[in-house]
Amino acid sequence: MQSIDTSALWLVLPGAGMRSAYQTGACLALAERGIKFAGVVANSGGAAPAVMPPEAMREWASRFDDPRFISWKRIVSGPVMDIDFLVDGIFATQPKGDPQPYFIAATRLPEGTLHWFSRESGEPLLDQLRATKTMPGISRHMVKVGGAYYADGCLTATTETFIAKAFAEGAKEVLVIDCSVYGGVSLSGRMLLRWWLRKAPAHVKTLVRHYCLRQTLPVQPKPNVHVCRAESLPTAHALMRSHSTSALSVSQGYNDIAKLNFT
């Protein structure tokens, strides 16, 4: 088994909605093993595990299983996912820590450009989380932070982008906790998004359309890029709200970290 040198190791958490329960379990296991990172690059569902202390994560599987957060009863009226409840009703009540250096991806609108939030960028952490988790159609179309509008970083970046950012910030090695679903969005998913986005601005519709059609492949391990990947998760998709499946995904991420060898 290849050893992972922790002397200049960065963590990459791409995020995948509720599938990010896998990343929560992985981060809990890394914390228990005393693994320290020089920094973290994260997006969307991976952003909260990146910046919140482990004790804040232990009840997420049950706390996220709340219809005020995700409810398919809102499939017509929308939004199915209420990011404001997630941030203001859950994250705001959690223990706070002093996060390690981090970069959180978001998409700045209407420009459609990649933006990085960080410890030094000045916005409140909860607003940074709100921005990176706002997925047009599924939640609000965009969120205003510090005078500008933002949405999920997945609209303008991929896992490869996050890895490149870590190396640009000084990483010598990168560990990717990957729970993404690869390939384009299904036809049924695109039809739902088209309905939910019917009142969205044109530039938002264009970004989401390009995202839906983007074909991506899993990141492959390299000598300095280590991948802990969920090959099959109980949490099948990003909007699957279930305490039991989330808890199983947390356990899977926790157990998969045991397969890694750190030096």
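Right, let's walk through the structure included here.

Conventions adopted
Residues numbered from 1 in each chain as written. Predicted model: local features only at pLDDT ≥ 70, side-chain atom pairs only at ≥ 80, totals over all residues. Heavy atoms only, no water. Helix = DSSP H or I, 4+ residues; strand = E, 2+ residues; numbered from the N terminus. Rg over C-alpha atoms; globule rule 2.2 N^0.38 Å. Buried < 20%, exposed > 50% of the residue type's maximum accessible area, 1.4 Å probe, protein only. Contact = heavy atoms within 4.5 Å. Areas by Shrake-Rupley, 256 points an atom, 1.4 Å probe, with all protein chains shown as cover. Phe/Tyr/Trp six-rings, centres within 6.5 Å; stacked < 30°, edge-to-face > 60°. 1 Å grid on protein atoms, 1.4 Å probe; cavity = no way out; pocket = protein on both sides within 12 Å on 5 of 7 lines; lining within 4 Å. Points joined across faces, edges and corners; volume = space filled by probe spheres on them. Nonpolar A, V, L, I, M, F, W, Y, C, P; charged D, E, K, R; others polar. Axes fitted to C-alpha atoms, helices over the stretch in contact; angles between N-to-C directions. Parallel < 35°, antiparallel > 145°, perpendicular 65-115°, else oblique. Left-handed = near helix turned anticlockwise from the far one by under 90°.

### Things to note about the overall build of the protein chain
Counting its secondary structure elements, the protein chain contains 9 helices and 10 strands. Over its C-alpha atoms the protein chain spans a radius of gyration of 17 Å, differing by no more than 12% from the 18 Å that the globule rule assigns to 263 residues. Within the protein chain, the proportion of its 263 residues that are buried is 52%. Sequence separation of at least 24 residues holds for 74% of the intrachain contacts in the protein chain that already meet a minimum separation of 6. When the accessible surface of the protein chain is totalled, it reaches about 11,600 Å², and 55% of it is carbon and sulfur.

### Looking at the side chain of Arg 229
Summarising the element assignment, Arg 229 is placed in strand 9 (residues 225–229). Beyond its immediate chain neighbours, meaning those up to four positions away, Arg 229 contacts Tyr 22, Asp 178, Pro 218, Val 219 and Asp 256.

### Description of the packing of aromatic side chains
Applying the stated criterion across every chain, the model contains 8 aromatic pairs. With centroids separated by 6.2 Å and ring planes inclined at 20°, the aromatic side chains of Trp 10 and Phe 103 adopt a geometry described as stacked. A residue pair is termed long-range when its members are at least 10 positions apart, and Trp 10 in strand 2 (residues 9–13) and Phe 103 in strand 4 (residues 102–109) qualify at 93 residues. Considered together, Trp 10 and Phe 103 belong to a single accessibility category, that of buried residues.

### Observations concerning the layout of surface pockets
Empty space within the second largest pocket amounts to approximately 400 Å³. Ala 31, Ile 35, Met 52, Pro 54 and Gln 100 are, among the 19 residues lining the second largest pocket, the residues nearest its centre. Across the lining of the second largest pocket, the residue classes break down as 14 nonpolar, 3 polar and 2 charged.

### Describing the packing of helix 4 (residues 83–90) against helix 5 (residues 125–133)
Put simply, helix 4 and helix 5 touch, their axes get as near as 9 Å, and they point 155° apart. Regarding the angle of helix 4 to helix 5, the classification is roughly antiparallel. Crossing of helix 4 against helix 5: the hand is right-handed. On helix 5, the residues that touch Ile 83, Asp 84, Leu 86, Val 87 and Asp 88 of helix 4 are Leu 126, Arg 130 and Lys 133. Residues that form the contact of helix 4 with helix 5 fall into these classes: 4 nonpolar, no polar and 4 charged.

### A look at unusual backbone geometry
Between Gly 78 and the following residue, Pro 79, the backbone shows a cis peptide bond with an omega angle of -10°. Looking at the element boundaries, Pro 79 is found in the loop between helix 3 (60–63) and helix 4. Between Leu 109 and Pro 110 the backbone carries a cis peptide bond, its omega angle lying at 10°. Locating Pro 110 in the fold gives a position in the loop between strand 4 and strand 5 (113–118). One non-glycine residue, Ser 44, lies in positive phi territory at about 50°. Mapped onto the fold, Ser 44 is located in the loop between strand 3 (39–43) and helix 2 (47–51). Of the residues examined, Ser 44 reaches a relative accessible area of 11% and is grouped as buried.

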